[in-house]
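Here are the chains, one letter per residue:
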Amino acid sequence: MSKTREVLLVGEGNFSFSAALSENAGDDVGVTATCFESEIQTYRQEGAVLNIQQLRERGSVVLFDVDCTCLKEHEAIQDHLFDCVIFNFPHCGRKSGVKKNRILLVKFFQSAVAVLKDNGEVHVTLCNGQGGTPCDSPMREWHNSWQVVAMAAEAGLILSEIRPFDCEMYQGYRCTGYRSQDKGFHVEAALTHIFTRSLLHTTPEKLKMEKTFGKETVCFELPAELSNYMNRNFLGQQSHHPVKTVQEQLLRELKSVWPVCTMNEDFPEIVSCLPETPEACDSTLTHSEVYWIKPTDTYIFDQSENEQNNCESMDDQQSFTGSYALQPSLLLHVQEITQNEDFSPGTLHAVSGLVFQRVAISPSRSPAFHQLLLVGMFPTESNPLQCFQDCLESLLAPYGVSFKETQIGLEQQVWMNSKMLPKFGRIASLPSFSSALDEGLQLIAISINLDHLATVIFGISDWRLLWSADPRFLKLFELNPLGPFGPFSLYPPSYSHDISFWMDPEIYDELKFHSLVREASCGSVKNVALVDRFRHPHMGHASLCYRLTYQSSDRALSHSQVLGLQNQLRRLLPLRLQVTLR
């Protein structure tokens, strides 16, 4: 009879754990129990003969002389895939030190994934303090622990759960210690670490896109660093994404106070605008934060003939400040919305979409995010700015969002701020576009970074998780759309690396450096900090030193991977930015 789950145990001593597990699991679980020692050595252990007999009577497989670091080479195991691989209290033996035990863990993890099903688990039980996670009590210093999460990352595994190891659940279990020595391990407060596979890091590539403006079709390349943000459909009708949930909840609450009309405007990724347009429409934008696009080709069509104009492709998009840019803000479309035939005073008109802004790498700001724009005209005497502030403050203040009113010239505005990101939203009173018809009415525009608001409301610590392709992220919100977020990758390891180079201050663009770091690191750099700057008194050149913090909240990220990504960055820097590495 086929089993519904297959379990492999390695490093067994007297097989007491295997016997207890087999008895508790029932007939639906197939158990393969192995040990490193020979059959003769194992039978010398107290209780081993009885435990092995019980296992075999239940139909379990018992194997001897199995090296857990090369499971795929064992002829009785190599053709099988298991739902779960269990290793209790691994140890190299005697006073081997943490480094040797880390190597053992790495080799075991790499061996285990070779016989693990795609959705399988690897369970590793360690004595209290060995793992190096905050669940250990007390927690050892990182360098003095076995760094189990980082070791598992070398095999593409992430830590998904930690459970207390309750030996009382396994009747008859007796810990025998290293290679079945008389001295057993300390099982009090021991922890079982449960690992699962993660998605692989993918190298971003430029995307070829095109957009039609009237008779003109513009072909362009999307920067590689932004490729992960395209065609994700977070706000689609069938989406369960938290960004959509936040938008729906927000609009639902606003509808209880004002009429809200959701407009079906589909604003394109690329817009045609002059360099001064973004700053005039959105005071938070600067010229350098706009992704200016150099078309690779432009086609103009008319009724009589097709006329094609080819523009030269430019590797450096940001040196071009022409009339095309990636959508930097939906506020560029306020006038277009007010002139729509469906626009009517007294109603909030809602549109949302993806916008792109060149920003430095940080834990709080992303280069692409979903923006909600609400536009309406209301009687001035009703003080609509204050009304909207009071409404949104009552909704968002419980989540730590604060509001601050400012005035620039005749324009009044209220900023929404969180602890992580100031000015992530704005309520503004704007000048009307047609004063004759709108006398006595005040034009109000509310813009909100939905992505950041979602991280605040659901307690998502890293905005990059919103863009995770791992199905476990969305599954959490499908099961409990309004519940708190629980990470599926626990205590991801963090690595710091410095990089320094000489540059010419006259031509150096720091945002280009951040863009290149995103691309070279596959988005795995969480933060970049300038730690040192030196300007040569005679040469005119300056030296910069940045500290890069690598950490991934949804994918396994190992020390060896980070070294490869850092070397990739060092290779690209002189080629792309004309700097000299130090």
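Going by an unreviewed UniProt entry, the protein carries the name phenylalanine--tRNA ligase and comes from Anabarilius grahami. According to UniProt, the comment filed for the protein under the heading Subcellular location (unreviewed entry) is "Mitochondrion matrix".

Trainee: Would you mind going over the side chain of threonine 455 with me for this structure?
Mentor: Locating threonine 455 in the fold gives a position in helix H10 (residues 450-458). For threonine 455, a relative accessible area of 9% translates into the label buried. Polar contacts involving the side chain of threonine 455 include one to the main-chain carbonyl oxygen of histidine 452, which spans 2.6 Å. Dropping the residues within four chain positions of it, threonine 455 is found in contact with Ile460, Trp463 and Leu466.

Trainee: Explanation requested: the sheet that holds strand E17 (residues 402-408) in the structure shown.
Mentor: Two strands in a sheet stick together by hydrogen bonds in their backbones, pointing the same way (parallel) or opposite ways (antiparallel). A sheet is described by the order of its strands in space; here 7 strands give the open sequence E10-E15-E16-E20-E19-E18-E17, paired in mixed fashion. The open sheet has two edge strands with one neighbour each: strand E10 (260-262) and E17. On average, each strand axis in the sheet is tilted by 25 degrees relative to the strand beside it, whichever way the strands run. Sheet analysis places E10 next to strand E15 (residues 348-356), joined by 3 bridges and oriented parallel. Each residue of the ladder has a partner; that of cysteine 261, found in E15, is histidine 349.

Trainee: What exactly am I supposed to notice about the sheet that holds strand E7 (residues 191-197) here?
Mentor: Taken in spatial order, the 7 strands make up an open sheet running E3-E2-E1-E4-E5-E7-E6, and their pairing is mixed. Both edges of this open sheet fall to strand E3 (61-63) and strand E6 (157-164), since each of them pairs with a single strand only. Going across the sheet, the axis of each strand differs from the next one's by a mean of 20 degrees, ignoring polarity. For strand E5 (residues 116-126) and E7, the ladder comprises 6 bridges, and the chain directions are antiparallel. Among the inter-strand pairings, valine 124 is bridged to a residue of E7, identified as histidine 193. Helix H4 (residues 97-112) contacts strand E1 (5-10), strand E4 (82-88), E5, E6 and E7 of the sheet and is inclined by roughly 155 degrees relative to E5.

Analysis parameters
Residues numbered from 1 in each chain as written. Predicted model: local features only at pLDDT ≥ 70, side-chain atom pairs only at ≥ 80, totals over all residues. Heavy atoms only, no water. UniProt positions renumbered as here; feature names shortened; annotations may be inferred. Helix = DSSP H or I, 4+ residues; strand = E, 2+ residues; numbered from the N terminus. Buried < 20%, exposed > 50% of the residue type's maximum accessible area, 1.4 Å probe, protein only. Polar contact = N/O pair within 3.5 Å; in protein donor to acceptor, adjacent residues only side chain to side chain. Contact = heavy atoms within 4.5 Å. Pairing = 2+ DSSP bridges. Axes fitted to C-alpha atoms, helices over the stretch in contact; angles between N-to-C directions.

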